[in-house]
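Here are the chains, one letter per residue:
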Amino acid sequence: MDDFISKVKDLTEELVQKQTPGSAERLIDRLFGEAARLDGELAGEVPQPQAEEHAIKLWNWAVTKHVGSAITEEQRAKVRHVACRLAYAYETKDLSEGAIRRQILMAIKTGRTWLDSRKPTLADTFFSLAVKSLEVLYSRLTARGDAKSDLNIPKTDVEKDLFRVLSYQAESAVAQGSNQEAVSCMQRCRDMLHRLPKESGYLSLMCYNFGVDTYKLKKFEESSFWLSQSYDIGKMDRKYSPGPAVQAKVLRLLATVYFEWDCQLYQEKALNAVTLANKENVHPAGLYLQVRILLKSGAPDEHLKVAVTELIDADVPLEVCLNTAKLLMAEDREALGFDFLKRVCKHHEASPEVGSALVLHIELLLQRGKELLGKQKIEDVITGHYTGRQLSPPTLDHFQLLLWDRASKNFESRNYSEALQWYNYSLSFYSAGQMDSNLAKLQRNRASCFLHLQQLDKAKEALKEAERCEPDSIFTQFSVYKIAVLESNTDKAIEAVNAMGKQAENPVRNEDGLLVAENAASNLLCLAAQMALEKEQQDVAMKALECLCEHPRDSGQNFTALRCLVRLVLSKMGTTSEGKRDTNLDRLQSYLKMALQKVSQANPGSNLSSEKTREAANWFRKIAWNAALQCENYPDRMRDFFVLSYRLSQFCPADKAILIGQKTCLLMAAAACLELGRTPESSEQAEKLTQALEHIDICWEVWKTLKASGDFSKDPTDTLLLLYEFEARAKLSDPNVETVLESVLQLPQIEAKTLEIIASLAMEPPAHFPSLCKKALRIALSLHKKSPSLDVSRCSQCLHSLIQLSLPTGLLEVEPRLLEEVWGYYEEALFIIGVAQGEFPEVEILWLLTRAWNTGILLYSLGQFPEAEKWCGLGMSFLRHLGSLQESYQTQMSGLYAEVLDRLDRVKRNVIDDE
């Protein structure tokens, strides 16, 4: 007990005096938890003074916090809950009347607060406590028995409180779906009305609210009961009645309940209720409801005519009359509906809003297929527009929409002359010189009609007006474009397409529901291209497609446009002259670059799937590949197309076929760069060779990946890459060129031809690597000699090149080492000539003879007589291997050789004499 009092005291003090904004909720929840003990172990055990003190403190705190909504309604209910529990925590038999009244007040307000917090079950507990306390207080007042007149006031107060509690209990029961309990509470309240007549208005409104709540839940039977009770209670005492307007409102809802519940079964009750409502207080809603009920119950036109006449006589708002007319037409009371509309128009002819009735009349006539009558009415409205009976702006807007809708439907049905007539009706409401975007749209639509009717001049005239009103509209430019295409005016059409392209950068409004706003510009450009192609105006179509590709809103549409452009330019390449080939190739290359950009920009969040992106990349890759193959005689273009094909292939699935394609593209691009780099003294030679190395480096990586996927032992890619790399590095004078040669020598199946190419590249200007050249040739010669079938011609070429590189060409180059090296090559030559059995080229033999003889003569001039005799003799040794030339050279060479030997002998003798 003491522990409970202490906790409640501490929590109350902290809440009342020291709480922070964030702690109030925590303290209230703790107090609420402690109060639960009062229902169990501590029931009736808490001393009155402490409990009463803390109850009053908490109650007053909750009252002060009500201002400004410092706490929520549920938190306030919890505080009151605790305070009320404390007030009831002690025995009540010795309580004063004041304490009991305080308990009653607390219990009623706590229950009401829980009810407002939508916790009716908690509210019921406190309402029950209030009833018990009221019974105790009433018993005491009755038992007092003196001064009877003075007791009436307190007893009346008790009855008022009991009335209030019973009404709250009824409300709680309705909230919990306990309708019978609510009826019981309400009935007790009603029985008390003879003593509390002023409460009749309150009870009537309460029953009305219950009727509304149950109506919303479609509980029509319960709703009809409560509404009937509301009306009956309301008329018990006219002095305290809610008033005729409220009573009529109750009856209208009651009629609605019967109407929606089962109009056929309860039509009499529904009609009685609404009729009674209209007698209580005439209201447009009641008169309109009466018409609805009559229609639903299938009443004859005579009865309905009386009902709608009441609407006119009651001077209800025009809008109600129009809704009634629509209702009549919807229920197939056509004659009555049109008659009613005529009467309405006549009744409201002085009203500025009568135009809405006229427009509705026209709309209903058109809906019912009475087009001729509708057109007559339209012409009357147009006449009125120019004679002071203008439609209000909202009504005119609605009327214009009606006219445009009819025009649009006729246009879609290809009834262009009829569509034009409806557009002309709309045009009648615009003044001369008026500037309006809708007018521009109207003129564009008229121009389209004229075009379909083959009235080109009138179409131009309408379009001129559209340009005046809205020159910067993409739709206006599209209309200009259509006429230009029809007239085959290419310049004008391209000018319009360019304007459309600029305007497409901004958001485009919807036009006649024809285009989706987001893609309106793209759709128009697509249509423009299609029109030009249908008229065989390819240049115009290509311009429209190019503009379409410049707008990245729809990747799929961009790819489609690019494919069309590529096909068009390819078709032009097949028919144009050689002079225009470069122009078409430039365009093709630009389209492929744009495709690459679109593919690279596509992402998972775009409107194009990854699969579609890959398909597009693969399609453009193949186009670039084929274009490269057609540029065999143009290495710069071939390189560019192969590079594009490779870059596009990077967005394709990396399967074996794609990897092979990538490898080939890079090889061909490198080859093209090398071809461009072979131009002597070119300022861009180094750049081209460097590009070749870049392609080669990437190709090595692709090749490594590809080799890991299967057996490529017969593929020459390793050899080709090394040859390309050797050429590029050699011409760049790169010292790493020797490393490349070593890599070539490490190839598993090296061919002599490869080494011969290496040798040639090593000396091809600006490359100059004679040592590497000779090394390659020596190994090539060795491979030839090891070959089962000796290729004498290629051996002779190797020897020729080795001797050519090694033989001295001047007096300063004669070195014994070089002569010894060349002598070895000659011996190789003599050996091969002997083995070749006449297959060694005679021209080569003659060349060997001549070079050996000349070398001997050179040595002779230098005074190296023994060496001179040796080399001249070497030259003479080749004579016997000559064929048809042997005889002519035999005589000549023998004489010369004899002369040389004679001179050598004389020289030798002179040398001996001098010694």
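Residues numbered from 1 in each chain as written. Predicted model: local features only at pLDDT ≥ 70, side-chain atom pairs only at ≥ 80, totals over all residues. Heavy atoms only, no water.

S.K.: Mind showing me how you'd approach the overall build of the chain here?
M.R.: The helix and strand tally for the chain stands at 40 helices and zero strands. Here the C-alpha atoms of the chain give a radius of gyration of 55 Å, more than 25% beyond the 29 Å that 2.2 N^0.38 yields for 915 residues. With the C-alpha coordinates of the chain rotated into their principal frame, the extents come out at 190 × 95 × 45 Å. Sequence-distant contacts in the chain: of pairs separated by 6 or more residues, those separated by 24 or more amount to 64%. On the chain, roughly 45600 Å² of surface is accessible, and the fraction owed to carbon and sulfur atoms is 50%. The positive charge centre, built from 109 side chains, and the negative charge centre, built from 125, are 8 Å apart in the chain. (Helix = DSSP H or I, 4+ residues; strand = E, 2+ residues; numbered from the N terminus. Rg over C-alpha atoms; globule rule 2.2 N^0.38 Å. Contact = heavy atoms within 4.5 Å. Areas by Shrake-Rupley, 256 points an atom, 1.4 Å probe, with all protein chains shown as cover. Lys, Arg positive; Asp, Glu negative; His and termini not counted. Charge placed at Lys NZ, Arg CZ, Asp CG, Glu CD.)

S.K.: What am I meant to see in the packing of helix α22 (residues 474–486) against helix α23 (residues 490–503) here?
M.R.: It is the contact of α22 with α23, at a shortest axis distance of 8 Å, that shows an interaxial angle of 160°. Taken together, α22 and α23 sit at an angle that is classed as roughly antiparallel. Note on packing geometry: the crossing formed by α22 with α23 is left-handed. In this structure, α22 uses Ile474, Gln477, Phe478, Val480, Tyr481, Ala484 and Val485 to contact α23, whose residues at the interface are Lys492, Ala493, Ala496, Val497, Ala499, Met500 and Gln503. (Axes fitted to C-alpha atoms, helices over the stretch in contact; angles between N-to-C directions. Parallel < 35°, antiparallel > 145°, perpendicular 65-115°, else oblique. Left-handed = near helix turned anticlockwise from the far one by under 90°.)

S.K.: I'm lost on helix α2 (residues 24–35) in this one. Help?
M.R.: Think of an α-helix as turning once every 3.6 residues; residues three or four places apart then point the same way. Here α2 spans 16 Å end to end across twelve residues, near enough to the 16 Å set by a 1.5 Å rise per residue. Taken as a whole, α2 has its buried residues at Ala24, Leu27, Ile28, Leu31, Glu34 and Ala35. For α2, the angular spread of buried residues about the axis comes to 125°, placing them on one side. (Expected span 1.5 Å × (residues − 1). Buried < 20%, exposed > 50% of the residue type's maximum accessible area, 1.4 Å probe, protein only. Arc of directions from axis to C-beta.)

S.K.: Even after reading the chapter, I still don't get the nonpolar core, so can you show me in this structure?
M.R.: Nonpolar side chains in soluble globular proteins tend to end up buried together. Of all hydrophobic cores here, the largest spans 174 residues; its most connected members are Phe399, Tyr481, Phe726 and Tyr826. Here this core gets eleven residues from one element, more than from any other, and that element is helix α30 (residues 656–677). With sequence-adjacent residues up to four places away left out, tyrosine 826 is seen in contact with Ile803, Leu807, Leu848, Arg851, Ala852, Trp871, Leu874 and Phe878. (Core = buried A, V, L, I, M, F, W, Y, C linked by side-chain atoms within 4.5 Å.)

S.K.: For this particular structure, what's the right way to read the layout of surface pockets?
M.R.: To find leftover empty space, one rolls a probe the size of a water molecule over the atoms. Within this model, the second largest pocket holds a volume of roughly 460 Å³. Ser713, Asp715, Pro716, Thr719 and Gln749 are the residues nearest the centre of the second largest pocket, which is lined by 20 residues in total. Elements with a minimum of two residues in the lining of the second largest pocket: α31 (685–707), α32 (717–731) and α34 (752–762). The leading source of residues in the lining of the second largest pocket is α32, at four residues. Here the residues of the lining of the second largest pocket sort into nine nonpolar, five polar and six charged. (1 Å grid on protein atoms, 1.4 Å probe; cavity = no way out; pocket = protein on both sides within 12 Å on 5 of 7 lines; lining within 4 Å. Points joined across faces, edges and corners; volume = space filled by probe spheres on them. Nonpolar A, V, L, I, M, F, W, Y, C, P; charged D, E, K, R; others polar.)

S.K.: What exactly am I supposed to notice about the environment of phenylalanine 225 here?
M.R.: Among the secondary structure elements, phenylalanine 225 is positioned in helix α10 (residues 220–234). Between the alpha carbons of phenylalanine 225 and leucine 439 there is a distance of 59 Å; along the sequence they are 214 residues apart. With residues up to four places along the chain from it excluded, the contact list for phenylalanine 225 reads Val183 and Met186.

S.K.: Where do I start with the domain arrangement of the chain in this structure?
M.R.: On domain assignment, one finds that the chain holds domain 1 (414–470), domain 2 (473–507 + 518–553), domain 3 (654–788) and domain 4 (798–914). Computed over C-alpha atoms only, the centres of domain 2 and domain 3 are separated by 50 Å. (Domains from an automatic or database assignment.)

S.K.: Sorry, what's going on with the side chain of serine 167 here?
M.R.: With respect to the secondary-structure elements, serine 167 resides in helix α7 (residues 148–175). Polar contacts involving the side chain of serine 167 include one to the main-chain carbonyl oxygen of arginine 164, which spans 2.6 Å. Those residues in contact with serine 167, other than ones at most four positions away along the chain, are Cys189, Tyr202 and Met206. (Polar contact = N/O pair within 3.5 Å; in protein donor to acceptor, adjacent residues only side chain to side chain.)

S.K.: How should the confidence of the model for the chain be read in this particular structure?
M.R.: Atom-level detail of predicted coordinates should not be read off regions where pLDDT is low. Per-residue pLDDT for the chain averages 86, and the proportion of residues at 70 or more is 91%. Long-range and interchain partners of residues 512–516, a stretch whose pLDDT sits below 50, account for ten contacts in this model, where long-range means more than four residues apart. (pLDDT = per-residue confidence, 0-100.)

S.K.: What should I look at first to understand the packing of aromatic side chains in this one?
M.R.: To describe a pair of aromatic rings, you give the distance between the ring centres and the angle between the ring planes. Counting across every chain of the model gives 23 aromatic pairs. Summarising the aromatic geometry, the rings of tryptophan 703 and phenylalanine 712 are spaced 5.6 Å apart at their centres and angled 70° between planes, so their arrangement reads as edge-to-face. For tryptophan 703, a relative accessible area of 0% puts it in the buried group. The exposure class assigned to phenylalanine 712 is buried, which follows from its relative accessible area of 15%. Measuring from centroid to centroid gives 5.6 Å for tyrosine 860 and phenylalanine 865, while their planes differ by 65°, and the two rings are edge-to-face. Overall, phenylalanine 865 belongs to the partly exposed group, its relative accessible area being 23%. Aromatic rings pair up to connect Trp823, Tyr826, Trp871 and Phe878 into one cluster. A cation over an aromatic ring shows up here: arginine 112 above the ring of tyrosine 168, its NZ or CZ 4.7 Å from the ring centre. Geometry around tryptophan 823 places lysine 870 over its ring, the cationic atom sitting 4.3 Å from the centre. (Phe/Tyr/Trp six-rings, centres within 6.5 Å; stacked < 30°, edge-to-face > 60°. Lys NZ or Arg CZ within 6 Å of the ring centre and 35° of its normal.)

S.K.: Teacher, can you tell me more about the packing of helix α14 (residues 318–330) against helix α16 (residues 354–367) here?
M.R.: Think of two packed helices as two axes; the pair is described by the angle between the axes and how far apart they sit. Running from amino to carboxyl end, α14 crosses α16 at an angle of 10°, the nearest separation of the two axes being 10 Å. Judged on the interaxial angle alone, α16 and α14 are roughly parallel. Within the contact between the two elements, α14 uses Leu318, Leu322, Ala325, Lys326 and Met329 and α16 uses Val354, Ser356, Ala357, Leu360 and Leu364. Partitioned by chemical class, the residues of the contact of α14 with α16 number eight nonpolar, one polar and one charged.

S.K.: Looking at this model, I keep getting lost on the state of the cysteines. Mind explaining?
M.R.: By definition, a disulfide links the sulfur atoms of two cysteine residues through a covalent bond. Evaluated as defined, the whole model comprises zero disulfides. No disulfide involves cysteine 564; its nearest neighbouring cysteine sulfur is the one of cysteine 526, lying 8.3 Å away. Cysteine 564 sits in the partly exposed class, given a relative accessible area of 27%. The thiol sulfur of cysteine 699 is not disulfide-bonded, and the nearest other cysteine sulfur, from cysteine 665, lies at 9.6 Å. Under the relative-accessibility criterion, cysteine 699 is labelled buried at 0%. (Disulfide = S-S within 2.5 Å.)

S.K.: Sorry if this is basic, but what is going on with unusual backbone geometry here?
M.R.: Glycine aside, a negative phi is what most residues show, and trans is what most peptide bonds show. Between proline 765 and proline 766 the backbone carries a cis peptide bond, its omega angle lying at 5°. With respect to the helices and strands, proline 766 occurs in the loop between α34 and α35 (770–786). For aspartate 315, which is not a glycine, the phi torsion comes out positive at approximately 55°. With respect to the helices, strands and loops of the structure, aspartate 315 is situated in the loop between α13 (301–313) and α14. In this structure aspartate 315 comes out as exposed when scored by relative accessible area, which is 53%.

S.K.: Explain the environment of methionine 531 here, please?
M.R.: Its location among the elements puts methionine 531 in helix α24 (residues 520–534). Through-space distance from the C-alpha of methionine 531 to that of tyrosine 481 is 9.6 Å; in sequence the pair is 50 residues apart.

S.K.: Is there a simple way to think about the side chain of serine 117 in this case?
M.R.: Relative to the helices and strands, serine 117 resides in the loop between α5 (97–116) and α6 (120–144). For serine 117, a relative accessible area of 15% corresponds to the buried category. In this view, serine 117 contacts Glu73, Glu74 and Ala77; residues no more than four positions away in its chain are not counted.

S.K.: Can you walk me through the pattern of salt bridges in this structure?
M.R.: Opposite charge on two side chains lets them pair, provided their charged atoms get close. One pass over the full model with this rule turns up 43 salt bridges. Note that lysine 78 is salt-bridged to aspartate 29, the shortest N-O span being 3.0 Å. On the criterion of sequence distance, the pair formed by lysine 78 in helix α4 (residues 73–87) and aspartate 29 in helix α2 is long-range, its members being 49 residues apart. Members of the salt-bridge network, linked through shared partners, are Glu675, Arg678, Glu727, Lys731 and Glu764. (Salt bridge = Lys/Arg side-chain N within 4 Å of Asp/Glu carboxyl O.)

S.K.: Looking at this structure, I do not really get the environment of arginine 851. What am I missing?
M.R.: Topologically, arginine 851 is positioned in helix α38 (residues 842–861). Overall, the relative accessible area of 16% leaves arginine 851 in the buried class. C-alpha of arginine 851 to C-alpha of cysteine 872: the two residues are 21 residues apart in sequence and 9.7 Å apart in space. Apart from residues lying up to four places away in sequence, arginine 851 is in contact with Gln804, Leu807, Pro808 and Tyr826.

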